[in-house]
Every structure is written in structure tokens, then in C-alpha cells.
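Notes for the structure review
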Amino acid sequence: MASSVGVVLEAVSPLLTKVAVENSVRGVLTGLPLLVAALAVLAVIRYASAFLRRYLGGRLALDVQHDLRRAVFASVQRLDGPKQDSLRTGQVVSRAISDLQQVQGLLSMVPLVTGYLVLLVASVAAMLWLSPLLTVVALIMVPVSVLLTTRTRRGLFPATWSAQQRAADIAQQVEETVTGVRVVKGFGQETREVTELRRRALRLFGERLRAARLTARLAPPLTALPSLGLIMVFGLGGLLALRGEITIGTFLAFATYVSNLVGPARMIGSLVVTGQLAKAGVQRVYELIDSQPEVADPADPVEPPPGPLSVELHGVRFGYSRDEPVLDGVSLCVRPGETLALVGAAGSGKSTMAMLLPRFYDPQAGEIRVGGVPLRRMRLATLRRELGVVFEEAFLFSDTIRANIAYGRPDAGEEEVRAAARAAQVEEFVTALPDGYDTLVGERGLTLSGGQRQRIALARALLSDPRILLLDDATSAVDATTEAAIHATLRAVTAARTTILIAHRRSTLALADRVVVLDRGQVLDEGTEAQLAARGTLLPATEHNRHAPPCHQRAGLWPADPPDPAPATTPDPQLRAEVAALPEPTDSPVLGPKGNRLDPTAPDPGFTLRRLLRPVRGLLVLTMALVAGSALTSVAYPSLARLAVDGGIVAHAPTVLALATGIGLAVVAADWLITAAQTLVTARAGESVLYLLRVRTFAHLQRLGLDYYEREMAGRIMTRMTTDVDALSTFLQTG
């Protein structure tokens, strides 16, 4: 509404100007003060409406961005095991940050563009009232603009989509190297990672320059064609005024309307470019939001019975890929209150059982029951509330020890948290820490040892007081003394609940009432520890478990990483064909003059913004010159209008009118070339700085010690490498 009111009033101003000019020409000055006052009031109202338009537009964009970001996070939380396996963290981060910023940029322009459309309608109506012939001449360029826009944006969308995929690849590598920093440094592969990121950043640079070249074909005609219509109005309108067919006031009013449409035309051109970026971002975001898990709640859920619960597997067959089963026809029963240990060689399917019981995956055949109720008949929240799971890899959040223990029960009291900590032998080392239970554990608990992380994870499971306890090698990282103390506690804990132990140590079997041996995804034998040892089926599954050769299903336990989501791998065949049809990017970033190229991977203790911009200072100077040229072309049109009126129409000099028209055509041509050059030069300068900053920052990250990664969270590092770097590039290209 604010946008519409402002632009409608803007459409009234030229009519008031027309009346003022015509009255002045006739020597009638009686109503002039009233007209001036009306124009002043209109200006104030337009200012207020512009303020509301921009504020409400920004608020709308931020609200939609916030809702989409929440939808992305909710979608990720809904995904089941198979979808999580195919999910790449860098892709999620890129879509939740960079892509949504593109959407925000588009939405913030919507109220402004809506107002401009209203201005267009109001202006065309007034122009038709003033002179139908001039209106046709002025708007004859509109179909040409539509045709050029339609043809160019067909290539612009796949180009921007592909570039955003490449940006997500970089975010993925940053995430992997930050979270796996110990592996990178442990194997001395910092140089390799920097080289790989440099290769990906170079590819991203090339693809963004390719998109800029396509933009350079689209932006100039959208900018110049309305100006060309204005020059045609100068020529034809001036000729009509010379003949007396229209008044000077009508000529000026008409020229004002057409010149008022030049700014909206530029905005619409920018909107088309931003729209292609946002379209690619929206598509990528909704690919994630629309992802639906295969594991879902039933329509008519059944509650488990009270008391200790049994766990039953009936002919369960499951594989991470259907042609390579990890579990093949497994049937077993864990009685209520029983403690069962699962042992077997690497790849025999033990940890897969821990994935199936919380229903991260559904078996491809067979059935799993808890308390006699099939898992598919239970709500996921109900099922997981009854389970306490300690996985082989103890994951901790970047929070305090207390918060990590109480994660499953945020409302737990202090004494309950401490009791669970004592049971898991956590209090033994927490009391020695300066901040005790308020100690921050760092990213994924990196400030703690593996054994300490496992004990906190065990305390977290015990605090939730589950009826089924599932421990996947939960004491593998603790020493023998601590393990013995934990086992003493577990004997009391497991006495009242059903427990499944996935065991790699022989000592763990002392807690079990019964032991099941798995081999190649099938039950090889079961019985007590003594019975299995007597039959000879236990020893190979425990003492040599870690060194046993993997069975043929081993590859199925860890599915291969999906290929890089390069543009050629998009599921949309039409988009895939459009991306393949694009020219191969060949541009390289500006790193300085030949013979003195800057090495972005080298240490730079004296790093400043000035040093960063030094390689592109020539491009920046050229950009400022182009901006100045664009400004000169903009201010040339009012001067040409004055020349056409004073020197041509008033002086009855057709030659001067023709001169003004000819100069105007030259200005339009210059504006066309300047806009195209400015698009390319600013993109090259901004993307070169982006490349330098990204590679330099990543190389410096690889030189930092582990203490930095223990202090800083991975998310903060990633946003500095993505959002903050992009913000600087955007400033250079638009500021």
C-alpha cells in the first residue's frame, strides 16, 4: 500500500509541472504558489511512503528468510538414516545461509518493484491521455526488452545454479577439514587440502564470471532501451511541439514520465538478475525442505506395554544397499530385563543392530518388535523415549558438561545429573576441572579425552532412565580400572531393564546373561559366555575381533560418499542439459602483474585490506571511472531535454532539436557499453578479491594449531569462510 501510494503521487507530479509551465508561458501566475505547495506536499508524502516501503520490504524479506531457515532445520531433523547418509553438511550450510540470502535480496526488492509496476500503469495512462502517438513511440522498446530478457535468462539460471553448487562444494570442504582437523594435521595433509580448495575456488571464480558475462548481455539493453525511448520522445515530441500539435508543458510532462521510467527499468533489470540467483537458491532450498523421510509415524500408533520390555527380531534382513545385506535373516529374542551381548568380527552387523532398534532405518525384510509391538506401529518419539543409546562414537555438543548429560532430560535436577555422572564415573574427573559441571567441552568435546567423552555419553543415557539400554562398545576408550568401576555400576543399572551390549572386549561379557555371536550378518551361535567358549565360537569373535578380516558385507556398512553435487549430477534432466550446454569457464582471478603474481597461500603477517585490494587496484580504478561515466550519461538526459526545449522548440530551430536527438543516441550507445563493461569489471574485481580472501583464509586456518579449533566452533569458522567473505565481495561489486 505504501509503495502504491508513493508511486501514484509520483505519477501526479508531472501533470502539476505541466500546468505550472503552461501557466507560466501564458503569463498566468495566480495559481503558482498553490502548485508549488502541492508539489512540496507530494514530496513529503513520497518520502514517507518510500520509508515505509523499504522498511516493510526489509521486514518481509527477513521474516520469509527466517521461516525458510526454520523449515530447512526442521526438514533436516525429520530425515531418516538413508536421507541423512546422502546429506552433505556443506550443502545444508550453503542452502541455509548463502541461498537464503539470495532469496532475502529478491524479496527486499519486491515492494519497490511492485510500486514501480503501479508507477508504470499510472504513467502509461497519463501518457496516453497526453499523447497516444508519443506513448506508442516511447513504449515500442518494451517488447524488445521482454524478448531480450526471455532469451538471456534461459542461460543465466543454469549458470547461477551451477555456481551456487560450486560454492556449496567449498563450504563442504571447509566443514570437513575443520571437523577433521586432527586427521588433516595428523597425516600432514594441510598442503593437499589447500591445493584442493584452491582448485575449487578457481572453478567457482570461473563459473561466477561466466554468469557475469551472461548478465552483461542482459543488463545493458534493459537499462538503455528506456533511455532510447526517451530520446525518441525528444525527437518526435519536439517535432510535434514545433508544429504546435502539443504544448511545451505536454512535452516536458511526457519527457518527465519517460525519464521516470528509466530508474524502474534499471531496477527491473536488476530484479531479473537477482531473480535468477534467487530462483536457483529457492530450488536448492526446497529440494531440502521437500525431502520426506521413508521412516515415518504410523497412522494408528500403538503404545508399548508397561514394565520391562522385550526386543525381538524375526527374519530381519537389511543392507545399506539392497544387493549387499549386512544382516541376513537374523532372528533373536531379548527377554524383558535380560542383558544380551552381541559379538562378532568387524562387519558382522553388530553396529547395524544399534541403527535399526531406534528405527533410524527400517529393515528391508522381517520385523523388529519392542514389548511385542512392531516398531512400525509405534511413534518414533515414543520408541526413542524408551531407549537409552550410547553409540560407539560419543558425540558431545559445544556446551557445558551438565548440559550434555541432561540433553535427554533438560528438566533434570542437579542431584539427578550428579547421580548419573557418578554412575558413569564422570564425577571422578569433573571435580578436578576449574568450572566443574559448568566446563565447556568445546567443539564435539575436543577438549576432553575419548574416554571422558564416552563416560559423559553413558551418563546421558543413564539419566534418561530408559527401559531399554543399548550400549555400542560404550567403554572402548576407557582404561581397565575405570571400566571395572563402570561395570560395577552397570550391573545394578541393567538389573531392572533390558540391555543390549555390543561388545568388543571380553571383559564386557561378564555383564551379559546371554551372548549372541554374529558372523556375516547371521546368528552363528548363542549361549552363556562359558558355553560359547567351550564350543569355540566365542574366542575368534572377541580376542581377535579388531584384527579379524572383514567379511564380504563390510563395504555395505559404510556406504561410499555420494559424488560431488556438480551441476551434471542434478536429477532434473532439463537443467542438466542446460548446464552442459554452457561454455566451459576459462577465466582466472587477477593476482597481480605478470612476474609478480601474488601467492594467496603464502603467510602474510602484515595482512591488511589495502594489501588485499592491491592486485585489483587497476580494476577498482576502472570501475570508478565506469561509475563516473554512467553518472554522466544519467545527468546528460536532463541537459538534452533543456537543449531540446530552449534551443529547439522555443527557438524554433529544428537543427538544434536534431542535434539534441543525435547526441542522445550517442549517450544511449555509450550507456549501453558502460553498463556492460561495468558488469564485467566489477564482477572480476569482486570475485578476484573473493578468491584471494577465501584461499588466504583457508591456508591460514591450516597453519593454526589445535588450540584454535578447541576455542572456536566450526560453525563460526564456516560462516567466516562463506558469508563474511561473500559480504566483502558484494560490497566491492555494489559499493
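Conventions used here
- Residues numbered from 1 in each chain as written.
- Predicted model: local features only at pLDDT ≥ 70, side-chain atom pairs only at ≥ 80, totals over all residues.
- Heavy atoms only, no water.
- Helix = DSSP H or I, 4+ residues; strand = E, 2+ residues; numbered from the N terminus.
- Buried < 20%, exposed > 50% of the residue type's maximum accessible area, 1.4 Å probe, protein only.
- Contact = heavy atoms within 4.5 Å.
- Areas by Shrake-Rupley, 256 points an atom, 1.4 Å probe, with all protein chains shown as cover.
- Pairing = 2+ DSSP bridges.
- Axes fitted to C-alpha atoms, helices over the stretch in contact; angles between N-to-C directions.
- Parallel < 35°, antiparallel > 145°, perpendicular 65-115°, else oblique.
- Left-handed = near helix turned anticlockwise from the far one by under 90°.
- Nonpolar A, V, L, I, M, F, W, Y, C, P; charged D, E, K, R; others polar.
- pLDDT = per-residue confidence, 0-100.
- Salt bridge = Lys/Arg side-chain N within 4 Å of Asp/Glu carboxyl O.
- Core = buried A, V, L, I, M, F, W, Y, C linked by side-chain atoms within 4.5 Å.
- Phe/Tyr/Trp six-rings, centres within 6.5 Å; stacked < 30°, edge-to-face > 60°.
- Polar contact = N/O pair within 3.5 Å; in protein donor to acceptor, adjacent residues only side chain to side chain.
- Patch = residues over 30% accessible without salt bridge, like charges linked within 9 Å, V, L, I, M, F, W, Y side chains within 5 Å.

1. Quick notes on the overall build of the protein
A tally of regular secondary structure across the protein gives 27 helices and 10 strands. Within the span of the protein, comprising 735 residues, buried residues form 50% of the whole. Within the protein, contacts between residues separated by at least 24 positions form 82% of all contacts whose residues are at least 6 apart in sequence. Summed over all atoms, the accessible surface of the protein reaches about 33,700 Å², with 61% contributed by carbon and sulfur.

2. Quick word on the sheet that holds strand S2 (residues 327-334)
Sheets are built from strands that pair by backbone hydrogen bonding, the pairs being arranged parallel or antiparallel. Ordered in space as S2-S1-S4-S5, the four strands form an open sheet in which the pairing is antiparallel. Edge positions in the open sheet fall to S2 and strand S5 (373-374), since each of these has one partner strand only. Sheet topology note: the strand S1 (residues 311-318)/S2 ladder contains six bridges and is antiparallel. Residue pairing across strands places Leu 313 opposite Leu 332, the latter belonging to S2.

3. Points about the pairing of strand S9 (residues 514-519)
Burial analysis of S9 places five of its six residues in the buried class, which makes it a mostly covered element. Note that strand S3 (residues 339-344) and S9 share five bridges and pair parallel. The residue of S9 that forms the bridge with Gly 344 is Leu 518. With antiparallel pairing between neighbouring strands as the criterion, S9 and strand S10 (residues 522-527) make up a hairpin whose turn holds two residues, including Arg 520 at a positive phi of roughly 55°.

4. Section: the packing of helix H23 (residues 617-650) against helix H24 (residues 654-703)
Close contact between H23 and H24 brings their axes to 9 Å; oriented N to C, the two are set at 160°. By the angle class used here, H23 and H24 are roughly antiparallel. Where H23 crosses over H24, the two elements pack in a sense that is left-handed. By residue class, the composition of the contact of H23 with H24 is 20 nonpolar, nine polar and two charged.

5. With respect to the confidence of the model for the protein
Across the protein, the average pLDDT comes to 79, with 87% of residues at or above 70. Predicted confidence is poor over residues 543-568, with pLDDT under 50, and the contacts of this stretch with residues over four places away or in other chains come to 51 contacts.

6. Digging into the environment of Val 295
With respect to the secondary-structure elements, Val 295 resides in the loop between helix H10 (262-289) and S1. Residue classification places Val 295 among the buried residues on the basis of a relative accessible area of 6%. Setting aside anything within four residues of it in sequence, one finds Val 295 in contact with Asp 80, Arg 359, Phe 360, Tyr 361, Asp 362 and Leu 380.

7. Regarding the pattern of salt bridges
Oppositely charged side chains may form a pair once their charged atoms are brought near each other. In this structure the tally under the stated criterion is 36 salt bridges. Here Glu 303 and Arg 379 are joined by a salt bridge, their closest N and O atoms 3.7 Å apart. Remark: Arg 379 occurs in the loop between S5 and helix H12 (380-385) and Glu 303 occurs in the loop between H10 and S1; sequence separation between them is 76 residues. Since its relative accessible area comes to 45%, Glu 303 is described here as partly exposed. Of the residues examined, Arg 379 reaches a relative accessible area of 39% and is grouped as partly exposed. For Glu 414, the salt bridge goes to Arg 418, with nearest N and O atoms at 2.9 Å. Of this pair, Glu 414 and Arg 418 both sit in helix H14 (residues 414-423), four residues apart, which is roughly one turn of that helix.

8. Overview of the nonpolar core
By size, the foremost hydrophobic cluster in this structure holds 40 residues, and its most contacted members are Ile 401, Ile 405, Val 426, Ile 456 and Leu 458. If you list the elements that add at least two residues to this core, you get S3, helix H13 (401-405), H14, helix H15 (427-430), helix H16 (450-463), strand S7 (468-472), helix H17 (480-494) and S9. Broken down by element, this core gets its largest block of residues, seven residues, from H16. When neighbours within four sequence positions are excluded, Leu 458 is seen to be in contact with Val 390, Ala 424, Leu 471, Ile 486 and Leu 490.

9. Brief notes about the packing of aromatic side chains
As enumerated under the stated definition, the model contains six aromatic pairs in all. Relative to Tyr 320, the ring of Phe 318 has its centre 5.1 Å away and its plane inclined at 75°; by these criteria the two rings are edge-to-face. Residue Phe 318 is classed as buried on the basis of its relative accessible area, which comes to 3%. Taking the relative accessible area as the measure of exposure, Tyr 320 reaches 22% and is therefore partly exposed. Both rings, one in Phe 318 and one in Tyr 361, keep their centres 5.3 Å apart while their planes meet at 55°; by these two values the pair is tilted. Highlighted residues: Phe 318 in strand S1 and Tyr 361 in the loop between helix H11 (350-356) and strand S4 (365-370), separated in sequence by 43 residues. Ring pairing ties together the aromatic residues Phe 318, Tyr 320 and Tyr 361, which thus form one cluster.

10. Details of the environment of Ala 631
Inspection of the secondary structure puts Ala 631 in helix H23. On a C-alpha basis, the gap between Ala 631 and Asp 671 in space is 9.4 Å, while along the polypeptide they are 40 residues apart.

11. Notes on the packing of helix H9 (residues 248-260) against H23
Running from N to C, H9 and H23 point in directions that differ by 150°, and their axes come no closer than 12 Å. Put simply, H9 runs roughly antiparallel to H23. H9 and H23 meet at a crossing whose hand is right-handed. Contacts from Ile 248, Phe 251 and Leu 252 in H9 reach Ala 644, Val 645, Ile 649 and Val 650 in H23. Classifying every residue of the contact of H9 with H23 by side-chain character gives seven nonpolar, no polar and no charged.

12. Considering the environment of Leu 511
By the secondary structure assignment, Leu 511 is in the loop between strand S8 (498-502) and S9. What makes Leu 511 buried here is its relative accessible area of 8%. Sequence separation between Leu 511 and Thr 339 is 172 residues; the distance between their C-alpha atoms is 7.2 Å. Beyond its immediate sequence surroundings of up to four residues, Leu 511 is in contact with Thr 339, His 487, Leu 490, Arg 491 and Leu 501.

13. Thoughts on the sheet that holds S8
Taken in spatial order, the six strands make up an open sheet running S6-S7-S8-S3-S9-S10, and their pairing is mixed. For this open sheet the edge positions go to strand S6 (387-390) and S10, each flanked by a neighbour on one side alone. Each neighbouring strand pair of the sheet contributes to a mean axis angle of 15°, computed without reference to strand direction. Each of S6 and S7 is contacted by H16, which is oriented at about 180° to S6, the strand it contacts most.

14. A few points about the pairing of S3
Burial analysis of S3 places six of its six residues in the buried class, the great majority of the element. Judged by which residues are buried, S3 turns out to be covered on both faces: Thr 339, Ala 341 and Val 343 on one side and Leu 340, Leu 342 and Gly 344 on the other are all buried. Bridging between S3 and S8 involves four bridges; their strand directions are parallel. By the bridge assignment, Leu 342 is partnered in S8 with Ile 502.

15. What about the side chain of Ser 131?
Tracing the chain through its elements places Ser 131 in the loop between helix H4 (89-130) and helix H5 (132-139). A polar contact is formed between the side chain of Ser 131 and the backbone nitrogen of Leu 134, at a distance of 3.3 Å.

16. Observations regarding a nonpolar patch on the surface
A cluster of nonpolar side chains, Phe 51, Leu 52, Tyr 55 and Leu 56, forms an exposed patch at the surface whose accessible area comes to about 420 Å². In this structure, Tyr 55 sits in helix H2 (residues 32-78).

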